[in-house]
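Architecture at a glance
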Amino acid sequence: MWKPEAMPARDLEFMAEACALAQEAVAQRWGGPFGAVVVLDGQVIGRGQNRVLLTGDPTAHAEISAIRKACEVLNPWAPAIGGQHQDQSTLALMDRPVGDADPAPARARMLYGAVLYTSAFPCPMCLGAIYWARISTVFYGCSADDAAAIGFDDAFIYDDFANPVQQRRVNLQQIGRDLGLGAFRAWESLAHRHPY
């Protein structure tokens, strides 16, 4: 069985940095006690901390911020929204990993191979972002139960996801499917689509 004390010292250093970011978020009253770092090839490429109170943005979580900053580091040539138009992707492709069930032969690399260190177990939004970013490993400090004990309880979201769409807390209704399909058809007919 794995024991925390068996964790390499470098991993503990990265976790300490994530937890220091969490402490700063609390001390500055920027947001909840959450910090995260993204590491690739032994180097920190993204740092983030909860800044929900500072920004009023409910997506300003530590993991989301760290992922965004890591993507900026890996894609410095990507145009900013509102900047000069670019009609090609800046995302490098990688072949489908051996044994992966994905039907696509290649996907955008995103943060494949990166490790995320976070002060607490990721919420459902951050966990979704971790999957989409293709982060390979996540080390977390506090458990979901630890977070729930101080008022950050995500269990209701996980429970709600298990409900049929019509029984969820958020009113989800499909309208204008034909309008949405226009964009889908444009994507399907796009020559040399860049998979991601």
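None of the values given here were measured: they were computed from a predicted structure.

What follows is about the overall build of the chain. Along the chain, the regular secondary structure elements total seven helices and six strands. Reading the secondary structure of the chain in the N-to-C direction produces α-β-β-α-α-β-β-β-α-β-α-α-α. Within the chain, the fraction of its 196 residues that count as buried is 30%. Intrachain contacts of the chain at a sequence separation of at least 6 include 48% that bridge at least 24 residues.

Turning to the packing of aromatic side chains, a few remarks are in order. Within the structure shown, the criterion is met by four aromatic pairs. Ring centres 4.9 Å apart and planes at 90° place the aromatic pair Phe34 and Phe152 in the edge-to-face group. In this pair, Phe34 sits in the loop between α1 (9-27) and β1 (35-40) while Phe152 sits in the loop between α5 (144-149) and α6 (155-161), placing the two residues 118 residues apart along the sequence. For Phe152, a relative accessible area of 34% puts it in the partly exposed group. Centre to centre, the rings of Tyr117 and Phe139 are 5.3 Å apart; their planes meet at 25°, and the pair counts as stacked. You can see Tyr117 sitting in strand β5 (residues 115-120) and its partner Phe139 sitting in strand β6 (residues 137-142), a full 22 residues away along the chain. For Tyr117, a relative accessible area of 3% corresponds to the buried category. Of the aromatic side chains, those joined through ring pairs into one cluster are Phe14, Tyr117 and Phe139.

Turning next to a nonpolar patch on the surface. On the surface, Phe121, Tyr140, Tyr158 and Phe161 cluster together to form a nonpolar patch covering roughly 390 Å² of accessible area. As for its placement among the helices and strands, Tyr140 is situated in strand β6.

Let us now look at the nonpolar core. Core analysis: the biggest nonpolar cluster contains 20 residues, and Val38, Ile45, Ile67, Leu111, Leu116 and Ile135 have the highest contact counts within it. For this core, the secondary structure elements donating two or more residues are β1, α3 (62-74), β5 and α4 (124-133). Ranked by residue count, the leading element in this core is α3, at five residues. Core analysis: the next-biggest nonpolar cluster, separate from the first, contains eight residues, Phe14, Met15, Val37 and Val39 among them.

This part covers the state of the cysteines. By definition, a disulfide links the sulfur atoms of two cysteine residues through a covalent bond. All told, the structure shown has zero disulfides when counted by the stated rule. Left without a disulfide partner, Cys126 is nearest to the cysteine sulfur of Cys123, which lies 3.6 Å away. On the basis of relative accessibility, which here comes to 0%, the residue Cys126 falls in the buried class.

Attention shifts here to the sheet that holds strand β2 (residues 43-49). Taken in spatial order, the four strands line up as β2-β1-β5-β6 in an open sheet, and their pairing is mixed. Of all strands in the sheet, those bounded by a partner on one side alone are β2 and β6. For this sheet the average axis-to-axis angle between neighbouring strands, irrespective of direction, equals 15°. Across four bridges, the pairing between β1 and β5 is antiparallel. Bridge pairing in β5 links Val39 to Val115.

Parameters at a glance
- Residues numbered from 1 in each chain as written.
- Predicted model: local features only at pLDDT ≥ 70, side-chain atom pairs only at ≥ 80, totals over all residues.
- Heavy atoms only, no water.
- Helix = DSSP H or I, 4+ residues; strand = E, 2+ residues; numbered from the N terminus.
- Buried < 20%, exposed > 50% of the residue type's maximum accessible area, 1.4 Å probe, protein only.
- Contact = heavy atoms within 4.5 Å.
- Phe/Tyr/Trp six-rings, centres within 6.5 Å; stacked < 30°, edge-to-face > 60°.
- Patch = residues over 30% accessible without salt bridge, like charges linked within 9 Å, V, L, I, M, F, W, Y side chains within 5 Å.
- Areas by Shrake-Rupley, 256 points an atom, 1.4 Å probe, with all protein chains shown as cover.
- Salt bridge = Lys/Arg side-chain N within 4 Å of Asp/Glu carboxyl O.
- Core = buried A, V, L, I, M, F, W, Y, C linked by side-chain atoms within 4.5 Å.
- Disulfide = S-S within 2.5 Å.
- Pairing = 2+ DSSP bridges.
- Axes fitted to C-alpha atoms, helices over the stretch in contact; angles between N-to-C directions.

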